[in-house]
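One-letter residues, chain by chain:
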Amino acid sequence: MQTLFNIVVFPGILYILAWTVLLFWFFRKFMAALHKRVGPSFNGPMGTYQTLFDLSKLLTKESITPKGVNPYLFSLMPLLALSIAILPTALIPWTPDITVAKSSYGLLGLVVLIGIEPFILFLTGFGSNNKYSFLGGIRILTQMISMETSFFLAALSPAILFSTLNLNSIIQQSSWLSFAILLPGFVLYFIALLGLLEQPPFNIPDAEQEIVYGFYTEYSGTNYFLLKVSEFSEFMAVFAGAVTLFLGGYKGLFFDGFSFLFAKMLIVAMIMMAIRASTPRITMKQMLMFSWKYLVPLSLVNIAWIMIAKILFFGGM
Amino acid sequence: MQHTNRLRPFFENITFDRDDNELVLNFGPQHPSAHGQLRLMLHLQQEQIVKAHPDIGYLHRGMEKMAENMIYNEFMPTTDRMDYIASSANNYGFALAVEKLIGLEVPRRAKVIRMMLLEINRLMSHLFWLATTALDIGAMTVFLYAFREREYLMDIIEDYCGARLTHAAIRIGGVPLDIQDDFLYDLKVFLNKLPENMKDYEDLLDTNRIWQMRMENVGTIPTDMALSWGCSGPMLRASGVEWDIRKEEPYELYDEVEFNVPVSDKGDNYARYKIYMAEMRESAKILYQCIDMYTQTEKNNQTELMAHAPQYISAPKLNIMTQNYSLMQHFVLVTQGMRPPVGEVYVPTESPKGELGYFINSQGGPYPYRLKLRAPSFWHTGVLTDLLPGHYIPDVVSIIGTTNIVFGEIDR
């Protein structure tokens, strides 16, 4: 019964759908505020129903399969992408009590599941029989390889600091001191996260003005809906991962709970939106240069710093 | 029922027997950043461009031919549809060419109003350029900020002539209307706020590392390349040639106003961006002076708006309604059209995009025998052939953006 509740309601499918609808709306409203415009405002209070309508419209529209592709593989990819994007939610401790899959290797599972998501998206690009999708696929592969190195290294820092891969115990051991020590790691994690989620300034794989919509180009209707939901559940996994690893997860000021985790995730989302509003897009070449010239070396330096800090403040390795 | 397999394959679906590594990408004509209907055939080596071939003609409406079957005044609204971002500049170019052909002297107040319209159009066009280029490079905020100001200008124009995009606000021999009462006030409000707004854009872009990375040393056009491809306007000035037709062959009252011609010798995207920004400031400067000149005409009681030439130009409305001869003359001019003397004329003007020139050959009839438009964007599209090879796909977008091509005037 408990498992069923977890799968269907929280933190399962309904929760992810609600999160997608709400975050979509929140992104729109927040971007609108930064752009000095109104955003969705007609349907429901402050336009909250708008995304619901949009998504239900996508769900009911015809999804077109282009000529010359394997239709089963073509439609399988979005499903696969969604299921892999949902999986990390099982590992994250949402409240002190609710963790669907309690594991001593939660961090490992989280990082790996987040890390293989772009592979699926790259396959959607290669399987679309479209030159723009193909270019998008190449781009997503290149970007993933260069960004994941620093992503993994940054995610490693709390594990080294607390000598555990268990997400629950990482949260329990976290404190203001550990937050300060992990802050550089968080910044690196956040930058790599922008790259992994294809958010500006790293929205290279689906750069609309360059390669139309990248790997999304040929997808429409239900398939597109699935890809969008998987994108937003990926957001959730990555944000929740960031909050769990670096910002103390569900730990709050006066009491612990889901609301604090949620608020922290929204703050991370807001930082992401502010970066989105203020930066143009960089090119592939510049991304590679940035990643291998600055981000990866800095991540290694960060690991060294974590080790030194551990010896200094936490009494040795 | 649709037989998809019976459809003739599109170009990009044809498989070629090739033994090299090139990917042929059909960039446009339906592409988010193809600026209208540009079809760009790109030969790619991974993402690097080996060969670029701009292909035009997807928006061709045969306007030059249409002109041969229209009386001169009839053609005026059609010119709107050429460079639809700054339609008054097109109206003006045509009106000026016909006036040169006839030898008309336009009254001073009409000249001032025309200059105001031209400079407002320049501002609108440059704001639009900034917005779309920033959007092409991914800076969506600048796009929305710049459109806000452009909207204000469109409202001003709408108050004057009733249209927002296709103004048709200029007539051969002058302007049809005097400006309304609050025009100058609205304009002043806008101009006073412009430096603040431009600071917004420049704060977001000027020293933005990513913007600089995307713009500096990308799409560099050396001076000789710019000259040999017939670049004009900001494209030429960014490549180190100080050439502005408003200075070289002043038309209207441009010899009476004070303004600078921004020049840069870098020739890259960033130089072009800087020049567009500087030109917006210069336009604002000119507009301030135009406001003073207009108030001066009010003091001198120069209220004439249309040239006095009964053979070509209808009399003012009041005369048409009250005087028999004026009515007859108006009737003839509307039904048969004016008949300019035999001759041909080429008149260049400095449109927001570059040298916009109208060539008219008149055989003395009511229709032009031949009309030809020298559209700056056409030449700027040609440069892409030489400019793009060696660049990468993201640079293609930023280069197309900074060339500021508008397909309405390329294809006509």
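These lines cover the structure that appears in this document, whether it is placed above or below. (Residues numbered from 1 in each chain as written. Chains lettered and ligands numbered in written order. Predicted model: local features only at pLDDT ≥ 70, side-chain atom pairs only at ≥ 80, totals over all residues. Heavy atoms only, no water.)

**Observations regarding the overall build of chain A**
When helices and strands are counted, chain A shows 13 helices and zero strands. Going from N to C terminus, chain A has its helices and strands arranged as α-α-α-α-α-α-α-α-α-α-α-α-α. Computed over its C-alpha atoms, the radius of gyration of chain A comes to 20 Å, within 12% of the 20 Å expected for a compact globule of 317 residues. Principal axes of the C-alpha set define a box for chain A whose edges measure 60 × 45 × 40 Å. Evaluated residue by residue, chain A yields a buried proportion of 54% over its 317 residues. Of the contacts made within chain A by residues no fewer than 6 positions apart, 77% connect residues no fewer than 24 positions apart. Surface exposure of chain A reaches about 13200 Å², of which carbon and sulfur atoms provide 74%. Charged side chains in chain A number 18 positive and 13 negative. The centres of these two groups are separated by 6 Å. (Helix = DSSP H or I, 4+ residues; strand = E, 2+ residues; numbered from the N terminus. Rg over C-alpha atoms; globule rule 2.2 N^0.38 Å. Buried < 20%, exposed > 50% of the residue type's maximum accessible area, 1.4 Å probe, protein only. Contact = heavy atoms within 4.5 Å. Areas by Shrake-Rupley, 256 points an atom, 1.4 Å probe, with all protein chains shown as cover. Lys, Arg positive; Asp, Glu negative; His and termini not counted. Charge placed at Lys NZ, Arg CZ, Asp CG, Glu CD.)

**What about the overall build of chain B?**
If you tally the helices and strands in chain B, you get 16 helices and six strands. With the C-alpha coordinates aligned to their principal axes, the bounding extent of chain B is approximately 80 × 50 × 50 Å. Counting all 412 residues of chain B, 59% fall into the buried class. Within chain B, counting contacts between residues at least 6 apart in sequence, those at least 24 apart form 71% of the total. Taken as a whole, chain B presents about 17300 Å² of accessible surface, with 52% of it coming from carbon and sulfur. Looking at chain B, you have 39 positive and 54 negative side-chain charges, and the mean spots of the two groups are 3 Å apart.

**Description of the state of the cysteines**
Under the criterion given, the structure shown has zero disulfides over all chains. As a non-bridged cysteine, Cys 290 of chain B has Cys 161 of chain B as the owner of its nearest cysteine sulfur, 17 Å distant. (Disulfide = S-S within 2.5 Å.)

**A few points about the nonpolar core**
In a soluble, globular protein the nonpolar side chains are often hidden away together inside. Counting 96 residues, the largest nonpolar core has Phe 94, Met 116, Ile 172 and Tyr 201 of chain B as its most contacted members. For Tyr 201 of chain B, the residues in contact, after removing those within four places along its chain, are Leu 127, Leu 130, Val 142, Tyr 145, Ala 146, Glu 149, Asp 206, Met 277 and Met 280 of chain B. The next biggest cluster of nonpolar side chains, apart from the first, holds 89 residues, and it includes Phe 26, Ala 81, Phe 202 and Met 287 of chain A. (Core = buried A, V, L, I, M, F, W, Y, C linked by side-chain atoms within 4.5 Å.)

**Regarding the packing of aromatic side chains**
For the structure shown, the criterion picks out 33 aromatic pairs over all chains. Ring geometry for Trp 19 of chain A against Phe 262 of chain A: centres 5.8 Å apart, planes inclined by 80 degrees, an arrangement best described as edge-to-face. In this pair, Trp 19 of chain A sits in helix H2 (residues 13-35) while Phe 262 of chain A sits in helix H12 (residues 258-278), placing the two residues 243 residues apart along the sequence. Assessed through its relative accessible area of 3%, Trp 19 of chain A is described here as buried. A connected cluster of aromatic rings, assembled from ring pairs, spans Phe 151, Phe 152, Phe 186, Tyr 189, Phe 190 and Phe 246 of chain A. Directly above the aromatic system of Tyr 145 of chain B lies the positively charged group of Arg 148 of chain B, at a separation of 4.9 Å from the ring centroid. The ring of Tyr 254 of chain B is capped by Arg 246 of chain B, whose NZ or CZ atom sits 5.7 Å from the centre of that ring. (Phe/Tyr/Trp six-rings, centres within 6.5 Å; stacked < 30°, edge-to-face > 60°. Lys NZ or Arg CZ within 6 Å of the ring centre and 35° of its normal.)

**Considering unusual backbone geometry**
All names here are of chain A. With an omega of 0 degrees, the peptide bond running from Pro 200 to Pro 201 counts as cis. Assignment of secondary structure puts Pro 201 in the loop between helix H9 (176-196) and helix H10 (208-211). A positive phi angle, near 55 degrees, is found at Met 46, a position not held by glycine. Relative to the assigned elements, Met 46 resides in the loop between H2 and helix H3 (49-60).

**Considerations on the pairing of strand S5 (residues 354-362) of chain B**
All names here are of chain B. Extensive coverage of S5 is indicated by the burial of eight of its nine residues. Between the antiparallel neighbours strand S4 (residues 343-351) and S5 lie two residues. With five bridges joining them, S5 and strand S6 (residues 370-374) adopt antiparallel strand pairing. Along S6, the bridge assignment pairs Tyr 358 with Leu 373. (Pairing = 2+ DSSP bridges.)

**Comments concerning the sheet that holds strand S1 (residues 23-27) of chain B**
Pairing in this open sheet of three strands is antiparallel, and the strands run S1-S2-S3 (chain B) from one edge to the other. The sheet terminates laterally at S1 and strand S3 (48-55) of chain B, the two strands that pair on one side only. Taken pair by pair, the neighbouring strands of this sheet meet at an average axis angle of 20 degrees, ignoring direction. Strand direction decides the pairing type here: S1 of chain B and strand S2 (residues 39-45) of chain B, joined by five bridges, are antiparallel. Counterpart to Phe 27 of chain B in the pairing with S2 of chain B is Leu 40 of chain B. On the sheet, helix H7 (residues 131-162) of chain A packs against S1 and S2 of chain B and is oriented at approximately 115 degrees with respect to S1 of chain B. Contacts from helix H14 (residues 376-387) of chain B reach S2 and S3 of chain B, with the element oriented near 155 degrees to S3 of chain B. (Axes fitted to C-alpha atoms, helices over the stretch in contact; angles between N-to-C directions.)

**Here we look at the pattern of salt bridges**
Residues and elements named next belong to chain B. Going through the model one piece at a time under the given rule, you end up with 26 salt bridges over all chains. For Glu 99, the salt bridge identified is with Arg 114, shortest N-O distance 2.5 Å. With Glu 99 in helix H3 (residues 87-102) and Arg 114 in helix H4 (residues 108-137), this pair connects stretches of sequence that are 15 residues apart. Judged by its relative accessible area of 4%, Glu 99 is buried. Classification of Arg 114 as buried rests on a relative accessible area of 0%. Salt-bridge contacts for Arg 246 lead to Glu 119; the nearest nitrogen and oxygen are separated by 3.3 Å. You can see Arg 246 sitting in helix H10 (residues 245-248) and its partner Glu 119 sitting in helix H4, a full 127 residues away along the chain. Like Arg 246, the residue Glu 119 is buried in the burial classification. Overlapping salt bridges bring together Glu 119, Arg 122, Arg 237, Asp 244, Arg 246, Glu 279 and Glu 350 as one network. (Salt bridge = Lys/Arg side-chain N within 4 Å of Asp/Glu carboxyl O.)

**With respect to the interface of chain B and chain A**
With 37 residues of chain B at the contact, the number on the chain A side is 24 residues. Carbon and sulfur atoms supply 59% of the area buried between chain B and chain A, which totals about 2700 Å² over both sides. Three residues stand out in chain B for area buried against chain A, namely Glu 47, Ile 210 and Met 213 of chain B, and they jointly supply 18% of the buried area on that side. Applying the counting criterion to the chain B and chain A interface returns zero salt bridges. Counting every contact that joins chain B to chain A gives nine residue pairs in polar contact (both at pLDDT 80 or more). Elements that contribute at least two residues to the side of chain B that touches chain A include exactly S1, H4, helix H5 (140-161), helix H6 (183-205), helix H7 (209-215) and helix H15 (393-403) of chain B. (Buried area = accessible area lost by both parts, 1.4 Å probe. Polar contact = N/O pair within 3.5 Å; in protein donor to acceptor, adjacent residues only side chain to side chain.)

**Things to note about the sheet that holds S6 of chain B**
Strand pairing in a sheet takes place through backbone hydrogen bonds and is either antiparallel or parallel in direction. All names here are of chain B. The three strands lie next to each other as S4-S5-S6, forming an open sheet whose pairing is antiparallel. Sheet topology places S4 and S6 at the edges, where each strand pairs with a single neighbour. Across the sheet, the axes of successive neighbouring strands diverge by a mean angle of 10 degrees, strand direction being ignored. The strands touched by H3 are S4, S5 and S6; relative to S4, the strand with the most contacts, the crossing angle is about 150 degrees.

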